[in-house]
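Report on the structure
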Amino acid sequence: MNENVLAKLKILAESAKYDVSCASSGTVRSNKPGMLGNTVGGWGICHSFAEDGRCISLLKVMLTNYCIYDCAYCINRRSNDLPRATLSVSELVELTIEFYRRNYIEGLFLSSGVVRSPDYTMERLVRVAKDLRQVHRFNGYIHLKSIPGASRELVNEAGLYADRLSVNVEIPKEENLKLLAPEKDHKSVFAPMKYIQQGVLESKEERQKFRHAPRFAPAGQSTQMIVGATSESDKDILFLSSALYGRPTMKRVYYSGYVSVNTYDTRLPALKQPPLVRENRLYQADWLLRFYQFKVDEIVDDAYPDLDLEIDPKLSWALRHPEQFPVDINKADYELLLRVPGIGVKSAKLIVASRRFSRLGFYELKKIGVVMKKAQYFITCRELPLQMQTVNELSPQRVRSLLLPKPKKRVDDRQLVLDFGE
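Scope of this entry: the structure provided in the associated data block.

Analysis parameters
Residues numbered from 1 in each chain as written. Predicted model: local features only at pLDDT ≥ 70, side-chain atom pairs only at ≥ 80, totals over all residues. Heavy atoms only, no water. Helix = DSSP H or I, 4+ residues; strand = E, 2+ residues; numbered from the N terminus. Buried < 20%, exposed > 50% of the residue type's maximum accessible area, 1.4 Å probe, protein only. Contact = heavy atoms within 4.5 Å. Areas by Shrake-Rupley, 256 points an atom, 1.4 Å probe, with all protein chains shown as cover. Core = buried A, V, L, I, M, F, W, Y, C linked by side-chain atoms within 4.5 Å. Expected span 1.5 Å × (residues − 1). Pairing = 2+ DSSP bridges. Axes fitted to C-alpha atoms, helices over the stretch in contact; angles between N-to-C directions. Polar contact = N/O pair within 3.5 Å; in protein donor to acceptor, adjacent residues only side chain to side chain. Salt bridge = Lys/Arg side-chain N within 4 Å of Asp/Glu carboxyl O. Right-handed = clockwise from strand over helix to strand, strands pointing away. 1 Å grid on protein atoms, 1.4 Å probe; cavity = no way out; pocket = protein on both sides within 12 Å on 5 of 7 lines; lining within 4 Å. Points joined across faces, edges and corners; volume = space filled by probe spheres on them. Disulfide = S-S within 2.5 Å. Parallel < 35°, antiparallel > 145°, perpendicular 65-115°, else oblique. Left-handed = near helix turned anticlockwise from the far one by under 90°. Nonpolar A, V, L, I, M, F, W, Y, C, P; charged D, E, K, R; others polar.

**Describing the overall build of the protein chain**
Counting its regular elements, the protein chain contains 16 helices and ten strands. The buried share of the protein chain, reckoned over its 422 residues, is 49%. Long-range contacts, defined here as pairs at least 24 residues apart, represent 66% of the contacts in the protein chain between residues at least 6 apart. Carbon and sulfur atoms make up 52% of the accessible area of the protein chain, which totals about 21,800 Å².

Okay, structure coming up:
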C-alpha cells in the first residue's frame, strides 16, 4: 500500500479521534451475490463492544483536517499549527476496500474539516460513499458526518448511500456556540437534521408502496454534544436531548467530555482532565429517557439542575422520592418496576412474566438478575432476610451512605508490591 497514503491516514485518523458519535449501526445489510460485505443488525460499530463481548471495528477517519473555521474547542481549528493532510476520494475508497478485504474493518466512519465551503466538502464525502456502493459494490456499514450548512440536495444524496448520517450540535446553547465558534450557528446544524428526518420518513412511506424502493439512511441519525466546555447545566443538555429524541429519526445523542486541547484559548475552561464522571452520568440519564420512561424534569429540575456525581440518576431519583416505595414486586406494574434501583428493563420483563406462575422472593429475584444490593431498600416481596429494611425505615440519607462506593485504600507508591502468584 502507498506509504504516502498511509502517512496521510495516520494524521487523519488521529484528527478524527475526538468524534464519539459512532457506536451502533442499528441496520441490516444482508450479503448479496456480486457485492462485497454485509452489516449485522444491532451490533456496535467503531471499536465498540457488542452484547456478546466481541469488538467491532471500522475505519474512522477524516477526509481532510484542513478547516476554514476556527472553533475554540477543536484540535483541527484553522489557527492551530499541526500536521495537515487530505485524502483524495479515490485514495479513501481504495483504503476502505483494502482494509475490508484484509478483515481489518467492518465499515467506514467518515468526517471532514470544512474546506472552501460546506457544499464543496459535502460533495466529496458523498462521492466516497457513492463510489464504494456503486463502483466497488461495497455492502458494509457507512456512517457519514453531514456538514452543517450543506444543501438539501447533497444531504438527500448522502442518505441514499450511507447507513447513518449525523450532524453534531457541539454546544447546546446558541449563545455559547457563538462565543466559542463565531462562524457557526444552530440553524446550520438543525437544517441538515431536518433534511435527514424528511428523507427517512419519505423513504419509509415509499417503501410501503414499493417494496424495492431505495432505503434512505436506514440507521437514522445521531449527534454529539461537548460537555464541560461551556456553562450549560445537565438540565440544559438533557432538555435538548429529549427534544431531539422527540424527532422520529434521532437514534442516539452522544456526550463527549471536553478534552482541553487548546489550553492557550482563554475562552475555554482550564480542566486538568475531561469530566468523565459527568459524561457517564449523562449517558445513564439518557438511558432513563430512552428505555425507562422517565421525563427530563424527573431527573433534573430547577432544584437539582445537575446530576449527582456520586450516585447514578435512577438511585438519586428514588432517594428524592421515598414516598413511591417500597414497591411490591408481586403486584407492581411494569412501569413502576422500572423505577426501582437495581431493576433493569430485562429483569423487569422477567419479573412480570415469572410472577404469573409463582410468587417471587429474594432468591428468585437474584436469579432473575436484580441487583439486590440496591433493590432491597425499595421493594417488598414474598420473603426478604429479616435484617433488611426499606428506605422509609432507614431514611434516604442512610441508604445513600450505605450505597456510596467505598473509598479505595490508597497505596503508597513508594513501596514495591510483588505478586508471586501463590
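On we go.
**Details of the nonpolar core**
Ranked by internal contacts, the top residues of the largest apolar core, which has 107 residues, are Tyr73, Leu238 and Phe378. Filtering out sequence-adjacent residues up to four positions away, Phe378 remains in contact with Leu315, Ala318, Leu319, Phe325, Pro326, Val327, Val340, Pro341, Val391 and Val399.

**Considerations on helix H3 (residues 118–135)**
Because each turn of an α-helix spans 3.6 residues, side chains separated by three or four positions in sequence point in the same direction. The end-to-end C-alpha distance of H3, which contains 18 residues, comes to 25 Å, matching closely the 26 Å that a straight helix rising 1.5 Å per residue would cover. On its buried face, H3 sits against helix H2 (89–101), strand E4 (107–111), strand E5 (141–145) and helix H4 (152–161). At the C-terminal side of H3, Arg137 shows a positive phi close to 55 degrees.

**As for the sheet that holds E4**
One open sheet accounts for six strands, arranged E3-E4-E5-E6-E7-E8; its pairing is parallel. If you trace the sheet from one side to the other, it starts and ends with strand E3 (59–62) and strand E8 (250–257), each paired once. The average undirected angle you get between the axes of adjacent strands in this sheet is 20 degrees. Across two bridges, the pairing between strand E6 (residues 164–166) and strand E7 (residues 221–227) is parallel. Each residue of the ladder has a partner; that of Leu165, found in E7, is Gln221. Running over the sheet, helix H6 (residues 186–209) touches E6, E7 and E8 and is turned about 155 degrees from E7.

**Quick look at the side chain of Ser166**
On the secondary structure map, Ser166 appears in strand E6. A polar contact is formed between the side chain of Ser166 and the side chain of His143, at a distance of 2.8 Å.

**Some thoughts on the pattern of salt bridges**
Under the criterion given, the structure shown has 17 salt bridges. Asp308 is the partner of Arg400 in a salt bridge, and the nearest nitrogen-oxygen pair spans 2.6 Å. Residue Arg400 is located in helix H16 (residues 396–403), and its partner Asp308 is located in the loop between helix H9 (296–299) and helix H10 (313–320); the two are separated by 92 residues in the primary sequence. The class for Arg400 is partly exposed, based on a relative accessible area of 22%. Sharing partners across several salt bridges, the network here consists of Asp70, Arg77, Asp265 and Arg267.

**Looking at the pairing of E4**
Sheet faces and side chains relate simply in a regular strand, where the side chains alternate between the two faces. Judged by how many residues are buried, E4 sits mostly within the fold: five of five residues are covered. Neither face of E4 is exposed, since Gly107, Phe109 and Ser111 on one face and Leu108 and Leu110 on the opposite face are all buried. Bridging between E3 and E4 involves four bridges; their strand directions are parallel. Each residue of the ladder has a partner; that of Leu59, found in E4, is Leu108. With H2 bridging E3 and its parallel neighbour E4, the resulting β-α-β unit is right-handed. Where E4 lies against E5, four bridges are found, and the strand directions are parallel. Counted as the bridge partner of Leu108 is Ile142 from E5. In the classification by handedness, the crossover that spans E4, the intervening H3 and the parallel E5 is right-handed.

**Details of the layout of surface pockets**
Reported here for the largest pocket is a volume of approximately 730 Å³. Surrounding the largest pocket, 36 residues form its lining, Asp19, Tyr73, Cys74, Asn168 and Glu170 being those nearest its centre. Elements with a contribution of two residues or more to the lining of the largest pocket: E7 and E8.

**Examining the state of the cysteines**
This model, assessed by the stated rule, comprises zero disulfides. In this model Cys74 remains outside any disulfide bridge; the closest cysteine sulfur is found in Cys71, 6.1 Å from its own. Looking at Cys74, the relative accessible area reads 27%, which means it is partly exposed.

**Comments concerning the packing of H4 against H6**
At their nearest, the axes of H4 and H6 sit 9 Å apart, and the two run at 50 degrees to each other. Relative to H6, the element H4 is oriented oblique. In this structure, H4 crosses over H6, and the sense of that crossing is right-handed. Where H4 approaches H6, its residues Arg152, Val155 and Asn156 are matched on the opposing element by Pro192, Tyr195, Ile196, Gln198 and Glu202. Within the contact of H4 with H6, the residues separate by chemical class into four nonpolar, two polar and two charged.

**Some remarks on unusual backbone geometry**
Cis geometry marks the peptide bond from Phe325 to Pro326; its omega dihedral reads 0 degrees. One non-glycine residue, Asn103, lies in positive phi territory at about 65 degrees. Structurally, the position occupied by Asn103 is in the loop between H2 and E4. For Asn103, a relative accessible area of 64% corresponds to the exposed category. Notably, Ala217 is not glycine yet its phi reads approximately 35 degrees, a positive angle. Its place among the elements puts Ala217 in the loop between H6 and E7.

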